[in-house]
Amino acid sequence: MSPKLDFKHDKRLYAPSAINFVDLVVPPMTYLAVDGSGDPNTAHAYKDAVGALYSASFTAKFASKNEHERDFVVGPLEGLWWADHMGSFVERSKDEWQWTVMIRQPDWLGSAELMGSVAAAMGKAAKQRKSTLALDLLYVLNLDEGRSVQILHVGSYDSEAPTLAKLHHEFLPNNGLTFNGKHHEIYLSDARRVAPTNLKTVLRQPVRAIQQ
């Protein structure tokens, strides 16, 4: 069997500087994803989506070992966030947020195989008489963000605002850049086990040069 793949070993993508913004090109990636809206701290849909993602991702992991003899570490939870008013993120107006929560999948698993894992997870949940509502919403997302700016945030999610304000109002305009996609967060820490002050989150923003 091939060595186990761990996405986080790619330090360029998953371990940026915590001091300076990093400008990089992000390669295309494949995810299992769920869309929703509302405050992630209180919206039941968000909690259900996260549970469904992990269920399907672990099913895909075991299927990969059996069918491809290739193993991988289930990737960290990630999220795309947006709102009609981008200031909602700096202001932490969470009820206005829309989101896509997602987990990256290895390139060797195609869309049909991934959706087969979703179906298998749904079958297991049904046998256990558990809800399959969130699993019904899972889909394969092929994301190609390209040029992006990112930084490692250490601290609580609610303390991200100053960093985001600096990115939006200083770094991007000072470097002739503007938004070219949704705000992207990669949650490297398990919030159930890590103190809020020690949480590590990659903050990523796809960008493009402003036309002169």
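Before reading on, note that the structure itself is shown above.
As a convention, each chain's residues are numbered from 1 in the sequence order in which they are written. In keeping with the predicted nature of the model, local features appear solely for residues at pLDDT of at least 70, side-chain atom pairs appear and are counted solely at 80 or more, and the whole-chain, interface and lining totals rest on all residues. Hydrogens and water molecules were not included; the side-chain quantities draw on all heavy atoms of the structure.

Quick one: what's the story with the environment of Gly-51, residue by residue and with numbers?
Put simply, DSSP H or I for four residues or longer makes a helix, DSSP E for two residues or longer makes a strand, and each gets a number counted from the N terminus. With respect to the helices and strands, the residue Gly-51 is situated in helix α2 (residues 44–68). A C-alpha to C-alpha distance of 17 Å links Gly-51 and Phe-62, two positions 11 residues apart in sequence.

So what's going on with the pairing of strand β3 (residues 77–82)? Residues and values would help.
Most of β3 sits inside the fold, with five of its six residues counted as buried. Relative to strand β8 (residues 183–187), β3 runs antiparallel, the two being bridged by five bridges. The residue bridging Leu-80 from the neighbouring strand is His-184, located in β8. When accessible area is computed with a 1.4 Å probe and restricted to protein chains, residues below 20% of their type maximum are described as buried, those above 50% as exposed, and intermediate ones as partly exposed. What makes two strands pair is DSSP finding at least two bridges between them.

Tell me about helix α6 (residues 161–174), residues and numbers included.
By this rule, a helix spans an expected 1.5 Å times one less than how many residues it contains. If you check α6, its first and last C-alpha atoms are 19 Å apart, about what 14 residues at 1.5 Å a residue would give, namely 20 Å. To obtain the bend at a residue, axes are fitted to the seven residues ending there and to the seven starting there, and the angle between these axes is taken. The largest bend along α6 measures about 40° and falls at Leu-167. Those residues of α6 that fall on the buried side of the exposure criterion are Ala-161, Leu-164, Leu-167, His-168, Phe-171 and Leu-172. Positive phi shows up at Gly-176, right after α6, with a value of about 65°.

Explain unusual backbone geometry to me, using residue names and the numbers behind them.
Of note in this structure, Glu-69 is not a glycine but carries a positive phi near 55°. Mapped onto the elements, Glu-69 comes out in the loop between α2 and β3.

Describe in detail the packing of aromatic side chains, supporting the description with residues and values.
Geometry of an aromatic ring pair is reported as the spacing of the ring centres plus the angle between the planes. Note on aromatic pairs: the rings of Phe, Tyr and Trp (six-membered ring only in Trp) are paired at centre separations within 6.5 Å, and the planes decide the class, stacked below 30 degrees, edge-to-face beyond 60, tilted for the rest. By the definition in use, this model includes six aromatic pairs. Judged by centre distance (6.0 Å) and plane angle (35°), the ring pair of Tyr-46 and Trp-81 falls under tilted. Note that Tyr-46 is positioned in helix α2 and Trp-81 in strand β3, a separation of 35 residues in sequence. Judged by relative accessible area, Trp-81 falls into the buried class, the value being 4%. Within the aromatic cluster, the residues linked to one another by ring pairs are Tyr-46, Trp-81, Trp-97 and Trp-99. Its guanidinium or amino end placed over the ring of Trp-108, Arg-70 lies 3.8 Å from that ring's centre, counting from NZ or CZ. Charge-over-ring placement is defined geometrically: NZ (Lys) or CZ (Arg) within 6 Å of the ring centre, and within 35 degrees of the ring normal.

Describe helix α4 (residues 111–127), with residues and values.
The terminal C-alpha atoms of α4, which comprises 17 residues, lie 24 Å apart, in line with the 24 Å expected from a rise of 1.5 Å per residue. The complete set of buried residues in α4 reads Leu-114, Ser-117, Val-118, Ala-121 and Ala-125. Down the axis of α4, the buried side of the element spans an arc of 100°, and every buried residue falls inside it. Among the exposed residues of α4, those pointing more than 90 degrees away from its buried face are Ala-112 and Lys-127. The contact criterion used throughout is that any non-hydrogen atoms of two residues lie within 4.5 Å. Looking at the buried residues of α4, the elements they touch are β2 (29–37), α2, β4 (98–105), α5 (133–136) and β5 (139–143). Positive backbone phi, approximately 60°, marks Arg-129, located one or two places after α4. Think of the arc as the fan of directions from the helix axis to the C-beta atoms.

Give me the lowdown on the layout of surface pockets, citing residues and values where you can.
Definitions used throughout: a 1 Å grid over protein atoms alone; a cavity as a set of points that fits a 1.4 Å probe which cannot get out; a pocket as an open set with protein on both sides within 12 Å along at least five of seven lines; a lining residue as one with an atom within 4 Å of a point. Grid points are joined across faces, edges and corners, and a volume is the space filled by probe spheres set on the points. Empty space within the largest pocket amounts to approximately 1100 Å³. Around the largest pocket, the lining is made up of 38 residues, and of these Tyr-46, Val-50, Leu-77, Tyr-157 and Ala-191 lie nearest the centre. For the lining of the largest pocket, the secondary-structure elements that each account for two or more residues are α2, β3 and β8. Per-element tally for the lining of the largest pocket: the top contributor is α2, with eight residues. For the lining of the largest pocket, the per-class residue count stands at 20 nonpolar, eight polar and 10 charged. Residue classes follow a fixed rule: Ala, Val, Leu, Ile, Met, Phe, Trp, Tyr, Cys and Pro count as nonpolar, while Asp, Glu, Lys and Arg count as charged, and any other residue, Gly among them, counts as polar.

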